[in-house]
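Okay, here's what each chain looks like letter by letter:
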Amino acid sequence: MQYVSTRAVTTGAQPFSDILLGGLAPDGGLYLPISYPQVSGAELSAWRDLSYADLAFEILKKFATDIAHADLKALTQKTYTSAVYRNAREGEKASDITPLRVLDKGAAGTLILQALSNGPSLAFKDMAMQLLGNLFEYTLAKRNAELNIFGATSGDTGSAAEYAMRGKEGIRVFMLSPHKKMSAFQSAQMFSLQDPNIFNIAVEGVFDDCQDLVKAVSNDLPFKAAQKIGTVNSINWARVVAQVVYYFRGYLRATSDNAQMVSFTVPSGNFGNICAGHIARMMGLPIDKLVAATNENDVLDEFFRTGVYRVRKAGETYHTSSPSMDISKASNFERFVYDLVGRDAVRVRALFQKVESGGGFDLSGKPGSDGDEFKLVARYGFKSGKSTHQDRLNTIRDVADDFGIVIDTHTADGIKVARENMTPGVPMIVLETALAAKFNETILDALGVDAVRPAGFENIEDLPQKFVVMAPDVAQMKAYIAANTGL
């Protein structure tokens with residue numbers, strides 16, 4: 001299996017292990033396989049009774065063909081264990097890793113919640129990040145190399161990455177986050193880590209400023225090579241492909257035969273998680289709809305309604321009660337656009353250059369637009385919707401009253417939008433984003449009581465914190481990285 005850049009201008013095909021460490025392609029594009037591996041009906045049937053770790057091995061071996069099967073299987077077994085994913089709710093089996101819970105079964109259809117937040121940082125990002133940490137350590141040891149991870153987070157990627165990479169040989173983590181724009185719990189999860197290989201940088205700005213810094217540093221190829229820079233953001237292909245696994249798991253647990261279809265609703269800001277669903281569907285998983293649920297930062301909802309991708313200007317990104325989706329430039333969206341325009345890399349490069357110069361592009365097919373591919377979106381199953389703060393409060397209350405569980409704010413966005421896109425006879429699976437304890441301020445507002453915290457997180461905000469505050473300045477950021485890598 002070889003990989004190419006969505007812009008394919010200066011980047012030739014490469015194997016999995018090379019792009020694992022590289023992150024962003026040298027030409028500024030994102031990596032995708034030359035073609036998506038296909039999954040047969042016989043394979044789906046054979047996978048129904050597998051453990052999560054064994055299912056992950058079967059899927060990942062189709063993508064990581066340069067890693068010996070025995071080694072890859074050992075890595076998935078090490079990653080997906082109930083010892084790591086131990087924060088299951090009452091009534092859920094930790095060994096299931098991503099247990100399903102039926103919330104509603106009525107005339108409108110069956111609504112299912114897939115728990116993805118039982119890992120060490122209490123967010124779905126653990127599902128990929130724990131594997132990524134083990135893959136990095138394995139590959140670096142093979143090459144006698146080291147890696148300086150440079151990433152950005154709107155809340156959950158940072159803690160998931162740091163919990164996965166802390167103490168790993170040959171790895172340092174430099175993580176950017178928007179200063180004072182995460183929940184108190186999210187900030188404490190990251191900033192309380194005292195490991196010498198973890199560096200937290202609070203950027204005076206919004207998440208998009210952090211993401212732009214990561215891309216700017218990654219696009220300086222001499223600096224990237226000299227400082228051995230890699231990334232754990234969802235621009236890293238391994239992050240996305242690891243998330244493909246739980247779409248297959250959700251489908252196999254929600255159905256009894258391969259003739260059935262399911263839909264997924266995914267709370268989405270950066271398009272990484274739902275991009276994994278797109279890939280699963282392209283591999284042959286019987287997915288009916290992929291529904292992107294946004295908050296007030298509705299860039300993706302606008303595109304899937306109109307065909308216009310319009311990045312918001314400075315000051316137009318809202319700080320909301322589902323802050324991990326406070327994003328106005330969805331970096332993973334480029335992977336879907338690559339497929340949408342027929343894998344025309346020159347076209348993709350032109351469209352995303354227009355994003356940088358003009359703030360977006362228009363594929364609606366209207367006079368003066370940049371193309372008419374919006375008419376093809378339906379064949380990929382995409383739908384969308386948005387949710388507001390009041391919607392979140394109402395949904396959190398409804399789910400607590402009706403089903404006796406407390407959901408986080410982003411999952412509330414997902415359930416609200418899922419209910420608007422149900423189809424009778426097709427189960428709708430909502431992908432959980434995080435445990436509610438990470439967003440207790442809003443839970444308290446909605447329910448009048450604090451969210452329950454898993455053991456070990458009771459007083460996390462009171463722990464000493466270690467971080468630096470910096471302006472969104474590329475030169476200053478490079479100087480800080482260089483000063484702390486020892487290279």
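Please read these numbers as outputs of a predicted model, since none were measured by experiment. (Residues numbered from 1 in each chain as written. Predicted model: local features only at pLDDT ≥ 70, side-chain atom pairs only at ≥ 80, totals over all residues. Heavy atoms only, no water.)

(A) Seen up close, a negative patch on the surface. There is a patch of like negative charges on the surface, built from D104, D398, D401 and D402. The leading source of residues in the negative patch is helix α15 (residues 389-403), at three residues. With respect to the element layout, D401 can be found in helix α15. (Patch = residues over 30% accessible without salt bridge, like charges linked within 9 Å, V, L, I, M, F, W, Y side chains within 5 Å. Areas by Shrake-Rupley, 256 points an atom, 1.4 Å probe, with all protein chains shown as cover. Salt bridge = Lys/Arg side-chain N within 4 Å of Asp/Glu carboxyl O. Lys, Arg positive; Asp, Glu negative; His and termini not counted. Charge placed at Lys NZ, Arg CZ, Asp CG, Glu CD. Helix = DSSP H or I, 4+ residues; strand = E, 2+ residues; numbered from the N terminus.)

(B) Geometry of the pairing of strand β6 (residues 171-178). Counting buried residues in β6 gives seven out of eight residues, a clear majority hidden from the surface. Pairing of strand β5 (residues 147-152) with β6 involves six bridges; the strand directions are parallel. By the bridge assignment, F150 is partnered in β6 with F174. Tracing the backbone out of β5, into helix α6 (residues 156-165) and back to the parallel element β6 gives a crossover that is right-handed. Of the pairings in the sheet, the one linking β6 to strand β7 (residues 198-203) comprises six bridges and is parallel in character. From the neighbouring strand, S177 faces β7, where its bridge partner is A202. Handedness of the β6-helix α7 (residues 184-191)-β7 crossover: right-handed. (Buried < 20%, exposed > 50% of the residue type's maximum accessible area, 1.4 Å probe, protein only. Pairing = 2+ DSSP bridges. Right-handed = clockwise from strand over helix to strand, strands pointing away.)

(C) Quick peek at the nonpolar core. One finds W237, Y247, F248 and F333 to be the most contacted residues of the largest nonpolar core, which totals 108 residues. Among the elements that take part in this core, helix α10 (residues 237-254) stands out by supplying 13 residues, more than any other. Counting residues in each nonpolar core, the second largest holds 30 residues, with L193, V291, V430 and I443 among its members. (Core = buried A, V, L, I, M, F, W, Y, C linked by side-chain atoms within 4.5 Å.)

(D) Structural view of the packing of α10 against helix α11 (residues 272-282). The interhelical angle for the contact between α10 and α11, taken along N-to-C directions, is 65°, at an axis separation of 8 Å. Remark: the crossing between α10 and α11 carries right-handed chirality. Within the contact between the two elements, α10 uses W237, V240, Q243, V244, Y246, Y247 and F248 and α11 uses G272, N273, I274, C275, A276, G277, I279 and A280. Across the contact of α10 with α11, the residue classes break down as 11 nonpolar, four polar and no charged. (Axes fitted to C-alpha atoms, helices over the stretch in contact; angles between N-to-C directions. Left-handed = near helix turned anticlockwise from the far one by under 90°. Contact = heavy atoms within 4.5 Å. Nonpolar A, V, L, I, M, F, W, Y, C, P; charged D, E, K, R; others polar.)

(E) Broad picture of the side chain of K125. Relative to the elements of secondary structure, K125 occurs in the loop between β4 (109-114) and α5 (126-143). Here K125 occupies a buried position and makes no salt bridge, while the nearest side chain of opposite charge, D156, is found at 5.7 Å. A polar contact of 2.5 Å, which involves the side chain of K125, links it to the side chain of T157. Residue contacts for K125: discarding those within four places in its chain leaves D156, T157, A160 and R239. (Polar contact = N/O pair within 3.5 Å; in protein donor to acceptor, adjacent residues only side chain to side chain.)

(F) View of the sheet that holds strand β9 (residues 262-267). Spatial ordering of the open sheet is given by β3-β4-β14-β9-β10-β13, a layout of six strands whose pairing is mixed. Each end of this open sheet is capped by a strand with a single partner; those strands are β3 (100-106) and β13 (382-386). Geometrically, the sheet is characterised by an average inter-axis angle of 20° between neighbouring strands, direction not taken into account. Sheet topology note: the β4/strand β14 (residues 428-431) ladder contains four bridges and is parallel. The residue of β14 that forms the bridge with Q114 is L431.

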